[in-house]
Amino acid sequence: QVQLVESGGGLVQAGGSLRLSCAASGRAFSSYAMGWFRQAPGKEREFVAAISWSGSTTDYADSMKGRFTISRDRAKNTVYLQMNSLKPEDTAVYYCAARTLGIVVLANEYDYWGQGTQVTVSS
């Protein structure tokens with residue numbers, strides 16, 4: 001069993017930066033692939049980024065490439081999402097998720113989810 005708690009969301013102006021954190025509990029955390037997703041009001045949950053259990057492989061949605069960076073600290077059981085050059089369209093609730101196999105972009109392939117953290121980007 002893995003429990004995930006996101007933090008770091010908030011209100012930021014367009015062009016600004018935020019770093020989200022996802023703290024995980026559970027002894028097997030280091031063996032899980034991790035993903036970040038987001039969901040804006042009235043829209044479906046969409047893939048943002050993912051990282052393999054080792055941290056050696058990452059994947060990003062096209063609109064996030066070059067602006068967002070996913071990383072993990074296995075010693076701290078934490079995954080991060082560094083978000084730069086934020087845009088108003090990045091406004092959403094951001095969720096982290098975990099799965100036991102390799103990284104994928106489909107939300108329904110992840111086994112565990114956090115409660116989400118709100119990110120609001122003002123223009």
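Each remark here, short or long, concerns the structure printed above.
Computed from a predicted model, the values in this text were never measured in an experiment.

Rules used throughout
Residues numbered from 1 in each chain as written. Predicted model: local features only at pLDDT ≥ 70, side-chain atom pairs only at ≥ 80, totals over all residues. Heavy atoms only, no water. Helix = DSSP H or I, 4+ residues; strand = E, 2+ residues; numbered from the N terminus. Contact = heavy atoms within 4.5 Å. Pairing = 2+ DSSP bridges. Axes fitted to C-alpha atoms, helices over the stretch in contact; angles between N-to-C directions.

**Notes on the environment of Thr 120**
Turning to step 1, where the next piece is worked out: Its location among the elements puts Thr 120 in strand E11 (residues 117–122).
Turning to step 2, where the next piece is worked out: Along the chain, Thr 120 and Thr 69 lie 51 residues apart, while their C-alpha atoms are 18 Å from each other.
Turning to step 3, where the next piece is worked out: Beyond its immediate chain neighbours, meaning those up to four positions away, Thr 120 contacts Gly 10, Leu 11, Val 12 and Thr 91.

**Some thoughts on the sheet that holds strand E8 (residues 78–83)**
Turning to step 1, where the next piece is worked out: The strand order E1-E3-E8-E7 describes an open sheet built from 4 strands, whose pairing is antiparallel. The sheet is open, and its two borders are formed by strand E1 (3–7) and strand E7 (68–73), each paired with just one other strand. When the angles between neighbouring strand axes are averaged without regard to direction, this sheet yields 15°.
Turning to step 2, where the next piece is worked out: One ladder, built from 6 bridges, connects E7 with E8; its direction is antiparallel. Bridging from a neighbouring strand, Thr 69 pairs with Gln 82 of E8.

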